[in-house]
There are 2 protein chains.
Amino acid sequence: MALNALTPEFAAFLAAHLPEGTIREAEPRHLADPRGRWTGQAGPVALPRSVEEVASIVAACASASVGIVPWGGGTGLVGGQLMANGPLPLVLSLERMNRVRDIFPEENMLVAEAGCTLQQVQDAAAAAGRLFPLTLASQGSCTIGGNLATNAGGVNVIRYGNARSLCLGLEAVLADGTIWRGLTRLRKDNAGYDLRDLLIGAEGTLGVITAAALILHPRPAQNAAALIAVPHPTAALTLLSIAQEQLPGMVSAFELISGMSLQFLAETLPEVRQPFAEPSPWLVLVDLGLPERLEAEQALIRLYETGAAKGLALDAILAQNETQRAQFWTLRENIPTANRRIGAVSSHDISLPLSEIPAFIPAAQKALGDIAPFRVNCFGHLGDGNLHFNVFPPKGGHKDDHADQREAVKRLVHDMVASLGGSVAAEHGVGRFKTADITRYADPGKLAAMRAVKAALDPAGILNPGAVLAG
Amino acid sequence: MALNALTPEFAAFLAAHLPEGTIREAEPRHLADPRGRWTGQAGPVALPRSVEEVASIVAACASASVGIVPWGGGTGLVGGQLMANGPLPLVLSLERMNRVRDIFPEENMLVAEAGCTLQQVQDAAAAAGRLFPLTLASQGSCTIGGNLATNAGGVNVIRYGNARSLCLGLEAVLADGTIWRGLTRLRKDNAGYDLRDLLIGAEGTLGVITAAALILHPRPAQNAAALIAVPHPTAALTLLSIAQEQLPGMVSAFELISGMSLQFLAETLPEVRQPFAEPSPWLVLVDLGLPERLEAEQALIRLYETGAAKGLALDAILAQNETQRAQFWTLRENIPTANRRIGAVSSHDISLPLSEIPAFIPAAQKALGDIAPFRVNCFGHLGDGNLHFNVFPPKGGHKDDHADQREAVKRLVHDMVASLGGSVAAEHGVGRFKTADITRYADPGKLAAMRAVKAALDPAGILNPGAVLAG
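Residue positions are given per chain, counted from 1 along the sequence in the order it is written. Written order determines the labels here, with chains lettered from A and ligands numbered from 1. With pLDDT at 70 or above as the cut-off, local features in this predicted model cover only qualifying residues; side-chain atom pairs require 80 or more to be listed or tallied, and sums for whole chains, interfaces and linings still use all residues. Each side-chain value is worked out from all heavy atoms of the structure, with water and hydrogens disregarded.

Novice: What is the right way to look at empty space enclosed by the protein in this model?
Specialist: Vacant regions in the atomic arrangement are exposed by a probe of water-molecule size rolled over the atoms. Both cavities and pockets are sets of points on a 1 Å grid over the protein atoms alone; in a cavity a 1.4 Å probe fits but cannot get out, in a pocket the set is open with protein on both sides within 12 Å along at least five of seven lines, and lining residues sit with an atom within 4 Å of a point. Grid points are joined across faces, edges and corners, and a volume is the space filled by probe spheres set on the points. Under the definition given, this model contains 3 cavities of 30 Å³ or more. Considered as a void within the structure, the largest cavity measures approximately 80 Å³ in volume. Lining the largest cavity we find 15 residues, and of these Leu31(A), Gly40(A), Gln41(A), Pro89(A) and Val91(A) sit closest to its centre. Residues are grouped as follows: Ala, Val, Leu, Ile, Met, Phe, Trp, Tyr, Cys and Pro are nonpolar; Asp, Glu, Lys and Arg are charged; every other residue, Gly included, is polar. Class assignment for the residues of the lining of the largest cavity results in 10 nonpolar, 5 polar and no charged. The volume enclosed by the second largest cavity comes to roughly 60 Å³. For the second largest cavity, the lining is made up of 13 residues, of which Leu31(B), Gly40(B), Gln41(B), Pro89(B) and Val91(B) are closest to its centre. Considered class by class, the residues forming the lining of the second largest cavity number 8 nonpolar, 5 polar and no charged.

Novice: Just to check I follow, could you spell out the UniProt feature "domain: FAD-binding PCMH-type" (unreviewed entry) in chain A for this structure?
Specialist: UniProt positions are given in the numbering used here, feature names are shortened, and annotations may be inferred rather than shown by experiment. The sites that UniProt annotates as "domain: FAD-binding PCMH-type" (unreviewed entry) are residues 38–219 of chain A. Put simply, DSSP H or I for four residues or longer makes a helix, DSSP E for two residues or longer makes a strand, and each gets a number counted from the N terminus. Annotation note: span residues 38–219 of chain A, helix share 21%, strand share 24%, distance between end C-alpha atoms 40 Å.

Novice: What's the story with the sheet that holds strand E4 (residues 90–93) of chain A in this structure? I'm lost.
Specialist: Sheets are built from strands that pair by backbone hydrogen bonding, the pairs being arranged parallel or antiparallel. Residue and element names in this part refer to chain A. Strand order in the open sheet made by the 4 strands is E1-E2-E4-E3, with mixed pairing throughout. Two strands lie at the open edges of the sheet, namely strand E1 (23–25) and strand E3 (68–71), each paired on one side alone. Direction aside, the axes of adjacent strands within the sheet are offset by 30 degrees on average. Bridge analysis of E3 against E4 gives 4 bridges, and the strand direction is parallel. Pairing between strands requires that DSSP locate at least two bridges from one strand to the other. Helix axes use the C-alpha atoms of the stretch in contact, all axes being lines fitted to C-alpha atoms, and the angles between their N-to-C directions lie in the range 0 to 180 degrees.

Novice: Looking at this structure, how should I read the nonpolar core?
Specialist: In globular proteins that are soluble, nonpolar side chains generally tend to be buried together. In these notes, a set of buried Ala, Val, Leu, Ile, Met, Phe, Trp, Tyr and Cys residues joined through side-chain atoms within 4.5 Å is what counts as a nonpolar core. Buried means the residue's accessible area, taken with a 1.4 Å probe over protein chains only, is under 20% of the maximum for its type, while exposed means over 50%, and partly exposed covers the values in between. Residues Phe389(A) and Phe389(B) are the most contacted members of the largest nonpolar core, which totals 103 residues. In this structure, Tyr160(A), Leu131(B), Leu134(B) and Leu457(B) belong to the second largest nonpolar core, which totals 94 residues.

Novice: Would you explain the pairing of strand E14 (residues 282–290) of chain B in this entry?
Specialist: Across a regular strand the side chains alternate sides, sitting on one face of the sheet and then on the other. Residue and element names in this part refer to chain B. With 9 of 9 residues buried, E14 lies mostly within the body of the structure. Side-chain alternation along E14 places Trp282, Val284, Val286, Leu288 and Leu290 on one buried face and Leu283, Leu285, Asp287 and Gly289 on a second face that is also buried. Pairing between strand E12 (residues 222–230) and E14: 9 bridges, direction antiparallel. The residue bridging Ala229 from the neighbouring strand is Leu283, located in E14. When strand E13 (residues 251–258) meets E14, the two strands line up antiparallel, connected through 7 bridges. Note that in E14 the partner of Val251 across the bridge is Leu288.

Novice: Would you take a moment to explain the relation of the copies chain B and chain A for this structure?
Specialist: Look at the two chain copies: a rotation about an axis and a shift along it is all it takes to match them. Relative to chain A, chain B is turned by 180 degrees and slid 0.0 Å along the rotation axis, the superposed coordinates differing by an RMSD of 0.0 Å. Here the two chains are linked by the operation of a two-fold rotation axis. It only takes one pair of heavy atoms within 4.5 Å for two residues to be counted as in contact. A share of 99% of interface residues in chain B that are also interface residues in chain A marks the association as one of identical surfaces. Only residues with pLDDT of at least 70 in both copies count here: their C-alpha atoms drive the least-squares fit that superposes the copies.

Novice: Where do I start with the pattern of salt bridges in this structure?
Specialist: Close approach of charged atoms lets side chains of opposite charge pair. Any carboxyl oxygen of Asp or Glu that lies within 4 Å of a side-chain nitrogen of Lys or Arg is treated as forming a salt bridge with it. Summed over all chains, the structure comprises 52 salt bridges over all chains. Residue Arg332(A) pairs with Glu255(A) through a salt bridge whose shortest N-O separation is 2.6 Å. With Arg332(A) in helix H10 (residues 322–333) and Glu255(A) in strand E13 (residues 251–258), the pair connects residues that are 77 residues apart, well separated along the chain. Considered together, Arg332(A) and Glu255(A) belong to a single accessibility category, that of buried residues. Notably, a salt bridge pairs Asp384(A) with Lys188(B), separated by 3.2 Å at the nearest N-O pair. One end of the pair, Asp384(A), is in the loop between strand E17 (375–381) and strand E18 (386–392); the other, Lys188(B), is in the loop between strand E9 (179–182) and helix H6 (195–199), on a second chain. The exposure class assigned to Asp384(A) is buried, which follows from its relative accessible area of 3%. Note on Lys188(B): relative accessible area 1%, which makes it buried. Through salt bridges that share partners, Arg164(A), Asp194(A), Arg196(A), Asp197(A), Arg164(B), Asp194(B), Arg196(B) and Asp197(B) make up one connected network.

Novice: Mind showing me how you'd approach the domain arrangement of chain A here?
Specialist: All names here are of chain A. Segmentation of chain A into domains returns domain 1 (100–218), domain 2 (222–336) and domain 3 (343–429). Averaged C-alpha coordinates put domain 1 and domain 2 at centres separated by 29 Å. Across the boundary between the two partners, domain 1 contributes 5 residues, which contact 11 residues of domain 2. Accessible area that two parts lose when put together, evaluated with a 1.4 Å probe and summed over both, is termed the buried area. Carbon and sulfur atoms supply 53% of the area buried between domain 1 and domain 2, which totals about 660 Å² over both sides. If you sort the residues of domain 1 by the area they bury against domain 2, Val155, Ile158 and Arg159 come out on top, with a joint share of 78%. Our count for the contact surface shared by domain 1 and domain 2 stands at 0 salt bridges. Residues adjacent in sequence count toward polar contacts only when both atoms are side-chain atoms; beyond that, a polar contact is any pair of N or O atoms within 3.5 Å, and within protein one must be able to donate a hydrogen and the other to accept it. Put simply, domain 1 and domain 2 have 4 residue pairs in polar contact (both at pLDDT 80 or more) between them. For the side of domain 1 that touches domain 2, the class distribution of residues is 3 nonpolar, 1 polar and 1 charged. Segmentation of the chain into domains, including their bounds, is taken from an automatic or database domain assignment.

Novice: I'm lost on helix H3 (residues 118–127) of chain B in this one. Help?
Specialist: An α-helical turn contains 3.6 residues, so a residue and the one three or four places further along point in the same direction. Residues and elements named next belong to chain B. Along H3, the residues classified as buried are Leu118, Val121, Gln122, Ala124 and Ala125. Buried residues along H3 cover an arc of 160 degrees about the axis, so they all sit on one side. Positive phi shows up at Gly129, right after H3, with a value of about 75 degrees. Directions are taken from the helix axis to each C-beta atom, and the arc is the one they span.

Novice: What's the story with the environment of Val91(A) in this structure? I'm lost.
Specialist: All names here are of chain A. Within the secondary structure, Val91 is located in strand E4. Val91 gets classed as buried once you look at its relative accessible area, which sits at 6%. Sequence separation between Val91 and Arg24 is 67 residues, and the spatial gap between their C-alpha atoms is 10.0 Å. Apart from residues lying up to four places away in sequence, Val91 is in contact with His30, Leu31, Pro44, Val45, Ala46, Val69 and Trp71.

Novice: What am I meant to see in the sheet that holds strand E6 (residues 109–113) of chain B here?
Specialist: Residues and elements named next belong to chain B. Strand order across the open sheet formed by 5 strands is E5-E6-E10-E8-E9, with antiparallel pairing between neighbours. Since the sheet does not close on itself, it has two edges, and those belong to strand E5 (100–104) and E9, each with one partner. Neighbour-to-neighbour, the strand axes of this sheet turn through a mean angle of 15 degrees, independent of strand direction. Where E6 lies against strand E10 (residues 208–215), 5 bridges are found, and the strand directions are antiparallel. Paired with Leu110 across the two strands is Leu214, which belongs to E10. Running at roughly 150 degrees to E6, H3 makes contact with E5, E6 and E10 of the sheet.

Novice: I tried to follow the packing of aromatic side chains on my own but got confused; where do I start?
Specialist: Aromatic ring pairs are reported here in terms of the distance separating the ring centres and the angle at which the planes meet. Between 30 and 60 degrees the pair is tilted, below 30 it is stacked and above 60 it is edge-to-face, where a pair is any two Phe, Tyr or Trp rings, Trp via its six-membered ring, whose centres lie within 6.5 Å. A complete count under the given rule lists 8 aromatic pairs over all chains for this structure. Geometrically, the ring pair formed by Phe10(B) and Phe13(B) is stacked, given 6.2 Å between the ring centres and 20 degrees between the ring planes. One end of the pair, Phe10(B), and the other, Phe13(B), are both in helix H1 (residues 8–16), 3 residues apart, so they sit about a helical turn from each other. Overall, the relative accessible area of 41% leaves Phe13(B) in the partly exposed class. Cation placement over rings: the criterion is NZ of Lys or CZ of Arg within 6 Å of the ring centroid and within 35° of the ring normal. The ring centre of Phe104(A) lies 3.9 Å from the NZ or CZ of Arg185(A), which sits over that ring.

Novice: Teacher, can you tell me more about the interface of chain B and chain A here?
Specialist: With 76 residues of chain B in contact, the opposing surface of chain A contributes 76 residues. Between chain B and chain A, the buried area comes to about 6,100 Å², and carbon and sulfur atoms account for 58% of it. Of all residues in chain B, Lys188(B), Asn190(B) and Tyr193(B) bury the most surface against chain A, accounting for 18% of the area lost on that side. On the surface where chain B and chain A come into contact, there are 12 salt bridges.

As C-alpha cells, this is what we get:
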C-alpha cells in the first residue's frame, strides 16, 4: 500500500486539533545522522506531551496514510530516525514527554516517559539510592524510548543485560492509534503474548513507545577498575572466564581495546594519557561492582596475578580512586571520537559466538589486506561477543580514497561474521542502513514471520517506513 | 476458520509418510491434567525425532486444517497440553527429541532439544561445571520445550530470571511448516524482531519449539540456606530488601511460606519435620549462592541479626550442611503435595507489585471470609511478587462442598489482583483454563495486538487451538 506524502493541509489539520506548539518545523537535529551520511527531508515535526496526543497523531496519520518517523535523541547510528527519501513523513519527537512519572525504590523500578534522556533515568535512580545500569557514551542526549526501540546495549550488558532486560512493561501507541497501557510493576506475568519484547528492538516499526516501566538494581557498595595489558584476544577471553569464576555476578564491564585504538588516540587526541609506557597489543578494561565485604583491590590483584601466572596478563594498572577509574573510562569512550577523526572506510557492529572471536579477528584482517592495506580498529564489549570492527585507510590516507571499496569491505566482514553464526546488527539495530543485510543474512523463516507480524500490526505501513524491513 | 477433526485416514496418511512408530495411539499420560480437572480426547499422538519430521507433520496438518496440541512433559497446570473438546487434534509430543546437541562451557551455553527434561538440562550443565538455574518441583518430568513455551518460573527467578531470561535462541516450526533455525550462540543480536520472545510464553500457539540455545551460569562456589521466622509479609519484604543490599546478586531464592502451609504439612505429611518448636505465622526460606571468599554462615547470621534488631525476624535456623539445606527445600516442595491432599476450592497463580503484597493478603482473606470460613494457604516466590494464593475448605470440610462457590472465589481473588495492577497468570501460563481471564483482564490494546499476531502467524488456527486466546 502506497503512503501519501505529508501535505501542508494535513499539517494544518493536525495543528488545529492539537495544543498550540505541538506541530512545528523540524529543526536540523531532527533530520541529522550523527555520522553525516544521510539527512532527513525538511518538513514538520510533532512534539506531543501525552500519550493521548501521540494516539491522536498516529490515528490521524493512519487515516491519511502518512508515514511517521519516531524520534528520540537522534543518536542512532543506522538511520532509523530519519527518512532521506520517500513520501514526506511526520517526524514524531517524544522529547516533550520527559517526566519520570513514578519511582518505587523498594520495588527496584521506576516509570519514565520515552523522551527522558538516559542520563535523566540514571540520575532519578541514583537519587533513590538505586542503579539504572544501562550506560552508553551518548547517555546525555539519547532517550530511554530510543534505547528501548533499538534494544540498546552499551558497556554493562555483561552484568545487567541490554535495554530489553531492564524493562518490565511499556506504554505504547499501536499503528491504528490504540493505546496499549502496559506499564506493569510485575516481575512475573505470563498473561498472553510478549508484546513488550516485540516492540523493544522493533525500532518504532510496530508501535510508538511512550513510556516504560524500568528495572533498577541495587548500587554496588564499591566499584573497582583495572586496565590489563594482554597478549591477544584469546588471553582476554580466558581472563574474562577467570574473572567470572573468581567474582561471579560482579563483573560489570569487560571491554576489549586494541593497540590500534591507543594508536588512534595518540594520533588524534594526544591529550588523552596513554596508560602504559610500552605499547600493548591489546588491553582489557575490567570494571567491578562489589558488595562491601569484599576487598576490591585484592580481588583485582588476584585476578591479575592468576592471569599473569598463566601468561594471559602482561601488565596492569589498578584505578587507585574514582578519578582514575573515570580516566580509564574516558580513554575507552574517546575511541569513537578518535575513529571519527581518522575517518572510517566502513564500520561494523558485529557479534560472534565468544569462542569464534580469537580466530575471526586475524582472519578478517588478513582477508581485508587483499583489498587494501587497511588499518583495523577492533574494540568492544568482549563479554557480550560484541565487537566494533572498524576499517580505516592506511596511515596518511583518507576514507574517500577507498569509497569504491567500501561495499566490498562491508560484504567481506559481514559474510565472514554470518558464516561463523554471528550477527551484523549486534547493538545499533538495523535502521535503514542495514535493511539489505537483514534480507541477505536473516533466516528465511524468521524473515517471513517478521513480515507477517509487520503486516498484522501495521497494515498500512505508516510506522517508521523503510526501517528494519525495507518496503 | 473451522478446523477439521483428525480422521483415521489422515492418521494413516501421516503414518505412511513418517518413519514407523512415529504415529501411535496416545497414552493416558498424553491426555492427563495433573490436577485431574480435564482429560484430552483419545486419538493419535505423533512422536517425531527431528525438526524435519515436526515440519512435515505441521505442514500436513496445515493442509488438512487439523489442530495440533504440542506436548512436552504433561506437567502444565492450566490445560495448555490437552484439548477436552472440539475437533479431535493431533497430539504432537516432543519426547523423542531429547538430545543435548551441543555444549559450550566456555561460552556458558548449550543447545538442547525440546523434549529434554529440565533435570537432563541441569545435569548436562553440571557435568560441564556450569549451572542451568531454572528449578521447578516437576523438573524430573517437565521438558525444556514446555518450560519455554510457558515461560516457566520457579524458585530461582529472583536471581536468574524466568525461562525467557535463560534462552538465547530457538529452533521452531511455524504454522505452515516452515522451520525457523534460530539457535544462536550470540549474547547480542538486534537483527530484526524478537521472534524468540514472541514464541516463548505463547504456549505453542504461534509455533512449535523443537530446540533451544540455553544460557548457563557459573556455579556459585558455595550455597547457604536459612529458614527465618517472620511476623508478617511486610517483615519478609523488608528482610528481602536488606538481603539484596547486603548480598547483591547472591540471593538465589527467597520463598514465603505461610503458617498455614506448615499446618497443612502437619495434617497431611506428619513425616515432614516441622522446623520450629513454636508455630510461626510466616517463614521465609532464603537460599544464597556465594563466591568462595565470602563467609556463608556469617552472611546469614548478619542478615538474621540485622532483621532481628529491627523486629523483622523472630527466629532462624541455618542449614549446617547440604543435607539440611535439602531438607529445607523438601519442606518447601511438599507444600503443593499437602495442598493436593487437603483439596483446594480454588488455586490462584498471581503476581502483584511487591509493595501491594502485604495489604493484599489480609484484605483478600477478609473478603473471602464473607463467602465461607475458608482456609487460605499463601506461599510463593516473594522476590518475584508471585504468590500461590490457594483457597481451601474449613478444617474437616471438603472442596466439593464449596463447588458452587468456586467461581465466586476465583472472581474475588482475580478482581482484587487486577485492581492492584497484578497478573492472574504469573508463572503457570494461560492454557485453556484461564482464557476467559485474559479476555476479562487484559488491556484491550494488547488483546487486539495478540489476536492480530495470532492471525498473522497461524491464519488457520491449527496451533494449540483454544489455548491462550479462546476461539
